Amino acid sequence: MSDTTMHLSGSQGVSRRRFIAGTGSLLGAAALVGHGTAAHAATVAQAAPIGDGAHVPALVIGTGYGGSVAALRLAQAGVDVQMIEMGMAWDTPGSDGKIFCNTTAPDYRSYWLRTKTKQPLSNFFGIPIDKDIPRYTGILDAEDFSGITVYQGRGVGGGSLVNGGMAVTPKRENFGAILPSVNPEEMYTTYYPRANAGLGSGLIDPAWFDTVDCYQFARVGRKQAGRSGFPFVFVPDVYDWDYMKKESAGTAPKSAVAGEILYGNNYGKKSLQKTYLAQAKSTGRVTISPLHRVTSVSPGSGGYTVVIEQLNTNGDVTATKTVTSDKVFFAAGSVGTSKLLVKLKATGVLPNLNGEIGRGWGDNGNVMCGRANYLWDPTGKVQASIPCGGIDNWNAGGAFAEVAPLPTGIETYASFYLSITKNPNRGTFSWNPAAGRVDLDWQTAWKQASIDMAKTIFDKINATEGTIYRTDLFGAYKIWNDTLTYHPLGGAVLNKATDNYGRLYGYPGLYVIDGSLIPGNTSVNPFVTITALAERNIEKIIAADLT
C-alpha cells in the first residue's frame, strides 16, 4: 500500500522522479481544518452501530471539534449520546502496519471517494503530480464547488485528523469582528482556556527550535520576516512536542519528522481521538457509529425523526435506518451542516428555518504561495510537518501567514506559506432542485482580495531578500493557490440562523455547534475558536434546556 520506505526524515535524498511523484500532497498539510496509534484510535471505536428504530436522548451529527465537545459535556451531565460519523473509525492498520498512509505516497486511504488524488500542491517544476487511486472512504475529502475546493477530514475526529494542529487563539482585539454577539470577557477568561486545556495545546521549546534540523525552514522564515520588519510569532500546536523530540533524535517511530500530516499522523499528534473523544468514551455514555450519514431530520412524535444511511468503504449505501432523538446537534462541519440544513429547509422538511440558513459562508481568507530562496538560505532536507509559527501583519495588511513545511526529503531552497486574510467576501449555499444538490455561489475572483493582502507580506520580503515567487507549484506559471480552503466557516451563523447559543429558530431541541456558526473568518487557524464556542454554547444549553 503506502511506500513506508520513502520517509522524509533521513539524510539521504530521493531521486528527482520519486521526488516529483511524491511531493504534491505536502504543501497544504500545515493548514488542514489527527491521528493516533491503533491503541488510541480503538478507544473511540464503536463495535455496534446504531440500530434501526432506536430512540436516543441526544444525537450528534459529526465527530469533529464542536460535536466532540457537545458529546463530552452532555455525557458528563448524565445524558446518553449517539454520535453519527460519515467517515471511518481509523482504528485498523493497513497492510503496511500503519493506520494512515504517508503524505509522500497517497494510497487508497488518502481521499474520500475519489479515483484520483487532488493534492493541494498539484505540480512540481510545472509537472502535474496527482495519481490514480482506488475509490475508498479515505480520510481527506476534497469537495468541489463552483470556484473553490473545500478540504475536510473524514473519520472519527473530523478535521483534527488532517490539519496541522495549529491551536491559535485570536488576539482579543480582533475578536469583535469574529463573533460580535459573544462576550469576549467570558471567552478569554473561561472558554478559550478550557478549549486549549481540553485540546492539549502547547508551544514548541524555543531553545530546541533554535537548534534542531527539522525546523531550519521555520528559522529561515523567522529571519526573513524580521529583516522585512514583520513580527514572527510562535503559536501553540496540539502535537506532542516531547514525542517530536524523541522522533527527531531517533528514539521513537518517526511521524511528523517523517512528513506525516495530510492523510493522518500515526503517532505524535493529539487529535480528538486522544482528547475529547477519548474522554467522552470513558464516560460510558457515548457511542459512535462510523460510516453512517444523516440525510434527514424532521419533527416526529416523541422527538425528531432522523434518517441515516449506512455506507461501505466503496461509498455504497448498505442500509437505511430511522431513529428518534429528543435533541439533535448539527456538528457536521461548516459545509456538512450548511448543506443538510439548506436541503431540509428547501425541501419542506424543516420549513420554519429562517432565511439566514446557508448564508455568511467564508474561506477564512486562505491562500497559498511559495518563494524561491538563494543558496545561502537552505530550508533543510528534514522538515517537521507540524508548523509552529507565523508572520503577523493582520492589523497593517490584513494577513497572518503560517510558515509552513515543505518536507520533501531533499533541499528545495523554498519557503512555503499558508496565509489567512481578512477577505470580506461571503458565499451562500442554495438548493439546486434540478440537480438534487446544494450549491455554493463562490467565485475564484473573490480570492484576489486575499492575494492582495498576502502580498503585503511577501512582496516586501522578496524585495528585501532579492528573491522571487515560485511559479511551478500550483500549475504552470501560477504563483497563488487561490482555489481552495482548509478553513470553511459559516453557513448557519450564530445569532442569525440560530440564537446566540446555537439553537435553531423554529425547532426546539435542534442545535448547531460547529464552525458553521462562525461568519467566515477567525483571523487565525479556527479550530480553537470552534472548540471554545462549543464549550460556551453547550454549557448554556445543558443549564437551560436539560434541567
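Now for a description of the structure that goes with this document.

Parameters at a glance
Residues numbered from 1 in each chain as written. Predicted model: local features only at pLDDT ≥ 70, side-chain atom pairs only at ≥ 80, totals over all residues. Heavy atoms only, no water. Disulfide = S-S within 2.5 Å. Helix = DSSP H or I, 4+ residues; strand = E, 2+ residues; numbered from the N terminus. Polar contact = N/O pair within 3.5 Å; in protein donor to acceptor, adjacent residues only side chain to side chain. Contact = heavy atoms within 4.5 Å. Axes fitted to C-alpha atoms, helices over the stretch in contact; angles between N-to-C directions. Left-handed = near helix turned anticlockwise from the far one by under 90°. Nonpolar A, V, L, I, M, F, W, Y, C, P; charged D, E, K, R; others polar. Pairing = 2+ DSSP bridges.

### Focus on the state of the cysteines
Evaluation of the coordinates by the stated rule reveals zero disulfides. With no disulfide of its own, C369 has C388 as its nearest cysteine by sulfur position, at a separation of 18 Å.

### Considerations on the side chain of T337
Structurally, the position occupied by T337 is in helix α10 (residues 333-346). A polar atom in the side chain of T337 sits 3.1 Å from the backbone nitrogen of A332. Excluding its chain neighbours within four sequence positions, the residues that come into contact with T337 are F330, A331, A332, V512, D514 and S516.

### Looking at the packing of helix α3 (residues 65-76) against helix α13 (residues 527-545)
It is the contact of α3 with α13, at a shortest axis distance of 8 Å, that shows an interaxial angle of 35 degrees. Like other packed secondary-structure pairs, α3 and α13 cross with a definite hand, here right-handed. Only F527, I530, T531, A534, E535, I538 and I542 of α13 make contact with α3, whose side of the interface consists of Y65, G66, V69, A70, R73 and L74. Looking at the contact of α3 with α13 residue by residue, the class counts come to nine nonpolar, two polar and two charged.

### As for the sheet that holds strand β14 (residues 399-404)
Hydrogen bonding along the main chain pairs the strands of a sheet, whether they run parallel or antiparallel. Taken in spatial order, the six strands of this open sheet run β7-β13-β14-β15-β12-β18, and their pairing is antiparallel. Among the strands making up the open sheet, the edge pair consists of β7 (232-234) and β18 (468-469). Sheet topology note: the strand β13 (residues 389-393)/β14 ladder contains four bridges and is antiparallel. Residue pairing in the sheet places G390 in a bridge with E402 of β14. Packed onto the sheet, helix α12 (residues 448-465) meets β12 (367-372), β13, β14, β15 (414-421) and β18 and runs at close to 10 degrees relative to β12.

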